[in-house]
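Next come the chains, spelled out residue by residue.
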Amino acid sequence: MTVLEEVVRDDWGRLLALLVARFGRLDLAEDALADAVEAAARTWPADGVPANPAAWLLTAARRRALDRLRAEAVAARRVPVLAVEAELAQEAQRTMADSGEVLVDERLRLVLLCAHPSLSREAAAALTLRLVMGVTTEDVARLFLVPTPTMAARLTRARKRLAGARFELPPPDALPGRVTFVEDVAYLAFTAGYAPGSGADVLRADVAGEALRLVAVLRSVLPAGLPERDQAELDALLALMLLQHSRRDARVRDGALVLLPDQDRGLWRHDEVAEAVELLQPWVHAPPSPYLLQALVAAEHAIAPSPGETAWERIVQRYDELLDLVDSPVVRLNRAVAVAEASGPQAGLAALSGVALPGHRLPAVRAELLARLGRYDEARTAYDAALAMCGNDAERAHLLTRRAETDAG
Amino acid sequence: MKFLVLMAEKDSFARWEAADAAEHEAAFARFEAFARAVEERGSMLGGDALASPDQARTLRPADDAGVRSVVAGPYAETVEQLGGFFLIDVADLETALEAARELPESYSVEVRPIIDMEPG
């Protein structure tokens, strides 16, 4: 990774937030910073990397933004601005005028702006990757499996929707609600990477990694004193992502999907598992909350020495608690899988009854349980239903293999 | 009648960069007032901001040997820097000057008629 790539990775969100604080405009701040990065890519190789690369980018971006403002003023083109408190704007201005260290860190405002209630979660996730994490539009498009122009248009619409929004920290009592939305956005982005709904990849570790980084950033920029339950959820979300991400190398073998029981546990990243377990330690006996329960389930798998030694009863119990909090078909499906492991496929099938969920996962689980019961005709019908709805190539291959095995049986 | 309105200011570019958000806002307000004043009296044909003089290149007249050199910087080296221009269409020079008064007070504004080439 070049110095420039590193600075963009580590400082993009911070620099952009500062420019937004000063100029009150996403488009201006983003274009200016992108121009500065482009200028750096052109001049640093010849002139050498400046002593303070982030400050160099900030100064260049600020000049660029001022130039454009002047041009817009002459052309009498007024562009709506975000509402930024005068004090913050001045602070940002001072930081830039000193052209030294980036002292104010307004990334939290930027994160909350991107997770604005007026945006859909999908749009918010894309915008967050672009603005906070500095992922290029081409890469965001690749991550969400759409052509670059489509993603560019989608991002533009999202930015326009935010024109006139407030670049601010919500009052303390409203903060947890906004943080929850950011968490959902991050988890959505994570899922897009960990279990892509379509395409050829079994897993896209880079997206999952970016989403993980976002939650780590969110944790580092949030003020202390978040209510205990919200802190537990944030720590649990990071732990949940770490646990799932730690299995990335074991999840794919020769381009094919490898399910949890068949994974080579030696390939799991045990340092990440340890980090997650440490995050969860203080919360094991905390009152139940959604991410916490999911993380505790993931942790059960992570600490089981072998699939056979998994504490399935405890997992079923966690799912029962989760159902009390959020009764969703996905939770019921996952619970049924655990029930099948704990009490046999017949009990699993019974737990599936009444569950309605679009997509391939429900018929795939049903097929698996039917096959285990030796009800092969019904299993094949269910595999066909799953195959008809599955858009991910690797998962399709897995389903086809399993279906073929029922023919043999 | 068409006029070219040239805006120059002492150390215009450094001043703009050093100005704070409130001063920028004040300048924006003057530009808007000018645009309104022009539209009330005639029409705005166009206008643009110029990049800083250090980005200008001037093709000098040929020397005795017939060589034309390109030098860095603007046509005239003055303290006042040309920062932008407008093209406006109003009744007469007096009206053009009236509108030009709306532009920022720190500017020196040259208003010059454009020669009409339309037969008329």
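## Things to note about the pattern of salt bridges
Residues and elements named next belong to chain A.
Next, step 1: Going through the model one piece at a time under the given rule, you end up with 37 salt bridges over all chains.
Next, step 2: The salt bridge involving Asp 35 is made with Arg 64; its shortest N-O contact spans 2.4 Å. Taken together, the residues span a long stretch of sequence, with Asp 35 in helix H2 (residues 26-47) and Arg 64 in helix H3 (residues 53-74) at a distance of 29 residues.
Next, step 3: With a shortest N-O distance of 3.1 Å, Asp 407 and Arg 380 are connected by a salt bridge. A residue pair is termed long-range when its members are at least 10 positions apart, and Asp 407 in helix H20 (residues 393-408) and Arg 380 in helix H19 (residues 376-389) qualify at 27 residues.
Next, step 4: Accessibility expressed as a relative area gives 18% for Arg 380, which makes it buried.
Next, step 5: If you follow the salt bridges from partner to partner, you end up with Arg 25, Asp 27, Asp 31, Arg 68 and Glu 72 in one network.

## Remarks on the domain arrangement of chain A
Next, step 1: Taken domain by domain, chain A comprises domain 1 (1-105), domain 2 (107-214), domain 3 (227-295), domain 4 (311-356) and domain 5 (358-409).
Next, step 2: Centre-to-centre, using C-alpha coordinates, domain 1 of chain A lies 51 Å away from domain 4 of chain A.

## A short note on H2 of chain A
For an α-helix, 3.6 residues make a turn, and residues three or four places apart therefore share a direction.
Residues and elements named next belong to chain A.
Next, step 1: End to end, H2 covers 30 Å across 22 residues, agreeing with the expected 32 Å (1.5 Å per residue, within 8%).
Next, step 2: The sharpest bend along H2 reaches about 30° and sits at Ala 41, with the proline Pro 45 one to four residues further on.
Next, step 3: Along H2, the positions that sit buried rather than exposed are Leu 26, Leu 28, Ala 29, Glu 30, Ala 32, Leu 33, Ala 36, Val 37, Ala 39, Ala 40 and Trp 44.
Next, step 4: Residues of H2 that are buried make contact with helix H1 (3-23), H3, helix H5 (107-114), helix H6 (121-131) and helix H8 (148-162).
Next, step 5: Where H2 ends, the next residue or the one after it, Gly 48, has phi of about 95°, a positive value.

## Quick word on the packing of aromatic side chains
Residue and element names in this part refer to chain A.
Next, step 1: This model, assessed by the stated rule, comprises 7 aromatic pairs over all chains.
Next, step 2: Consider the rings of Tyr 187 and Tyr 291, whose centres lie 5.6 Å apart with planes at 75°: the pair is edge-to-face. Residue Tyr 187 is found in helix H9 (residues 175-194), and its partner Tyr 291 is found in helix H14 (residues 290-303); the two are separated by 104 residues along the sequence.
Next, step 3: Above the plane of the ring of Trp 268 lies Arg 247, whose end atom (NZ or CZ) is 5.5 Å from the centre.

## Quick look at the pairing of strand E5 (residues 80-89) of chain B
All names here are of chain B.
Next, step 1: Relative to E5, strand E1 (residues 2-10) is paired through 9 bridges, and the arrangement is antiparallel. Each residue of the ladder has a partner; that of Lys 10, found in E5, is Glu 80.
Next, step 2: Taken together, the 6 bridges between strand E2 (residues 43-49) and E5 define a ladder with antiparallel strand orientation. Across the sheet, the residue bridging to Met 44 is Ile 88, located in E5.

## Comments concerning the nonpolar core
Generally speaking, soluble globular proteins have nonpolar side chains that are buried together.
Next, step 1: In this structure, Leu 57, Phe 167, Met 241 and Leu 280 of chain A together with Phe 31, Phe 86 and Ile 88 of chain B are the most contacted members of the largest nonpolar core, which totals 126 residues.
Next, step 2: No other element matches H1 of chain A, which puts 12 residues into this core.
Next, step 3: Once you skip the residues sitting within four places of it in the chain, Ile 88 of chain B turns out to touch Met 1, Lys 2, Phe 3, Val 5, Phe 34, Val 38, Ser 43, Met 44, Leu 45 and Ala 96 of chain B.
Next, step 4: Among the nonpolar cores identified, the runner-up in size contains 32 residues, and Trp 312, Leu 322, Val 365 and Tyr 383 of chain A belong to it.

## Quick word on the packing of helix H11 (residues 228-245) of chain A against helix H13 (residues 270-280) of chain A
Residue and element names in this part refer to chain A.
Next, step 1: Closest axis-to-axis distance for the H11/H13 pair is 8 Å, and the angle between their directions is 160°. With respect to H13, the element H11 is oriented roughly antiparallel. Considering the relative orientation of H11 and H13, their crossing is left-handed. Mapping the contact onto sequence places Asp 235, Ala 236, Leu 238, Ala 239, Leu 242, Leu 243 and His 245 in H11 and Glu 272, Val 273, Glu 275, Ala 276, Leu 279 and Leu 280 in H13.
Next, step 2: Looking at side-chain class alone, the contact of H11 with H13 contains 9 nonpolar, 1 polar and 3 charged residues.

## What about the sheet that holds strand E6 (residues 108-113) of chain B?
Residue and element names in this part refer to chain B.
Next, step 1: The strand order across the open sheet formed by 4 strands is E2-E5-E1-E6, and the pairing between neighbours is antiparallel. For this open sheet the edge positions go to E2 and E6, each flanked by a neighbour on one side alone. Neighbouring strand axes in the sheet, compared pairwise and without regard to direction, differ in orientation by 20° on average.
Next, step 2: Those strands touched by helix H2 (residues 21-41) are E1, E2 and E5, and its axis lies near 155° from that of E2.
Next, step 3: The strands touched by helix H3 (residues 93-100) are E1, E5 and E6; relative to E6, the strand with the most contacts, the crossing angle is about 155°.

What counts, and where the lines are drawn
- Residues numbered from 1 in each chain as written.
- Chains lettered and ligands numbered in written order.
- Predicted model: local features only at pLDDT ≥ 70, side-chain atom pairs only at ≥ 80, totals over all residues.
- Heavy atoms only, no water.
- Salt bridge = Lys/Arg side-chain N within 4 Å of Asp/Glu carboxyl O.
- Helix = DSSP H or I, 4+ residues; strand = E, 2+ residues; numbered from the N terminus.
- Buried < 20%, exposed > 50% of the residue type's maximum accessible area, 1.4 Å probe, protein only.
- Domains from an automatic or database assignment.
- Expected span 1.5 Å × (residues − 1).
- Bend = angle between axes of the 7 residues up to and from the residue.
- Contact = heavy atoms within 4.5 Å.
- Phe/Tyr/Trp six-rings, centres within 6.5 Å; stacked < 30°, edge-to-face > 60°.
- Lys NZ or Arg CZ within 6 Å of the ring centre and 35° of its normal.
- Pairing = 2+ DSSP bridges.
- Core = buried A, V, L, I, M, F, W, Y, C linked by side-chain atoms within 4.5 Å.
- Axes fitted to C-alpha atoms, helices over the stretch in contact; angles between N-to-C directions.
- Parallel < 35°, antiparallel > 145°, perpendicular 65-115°, else oblique.
- Left-handed = near helix turned anticlockwise from the far one by under 90°.
- Nonpolar A, V, L, I, M, F, W, Y, C, P; charged D, E, K, R; others polar.

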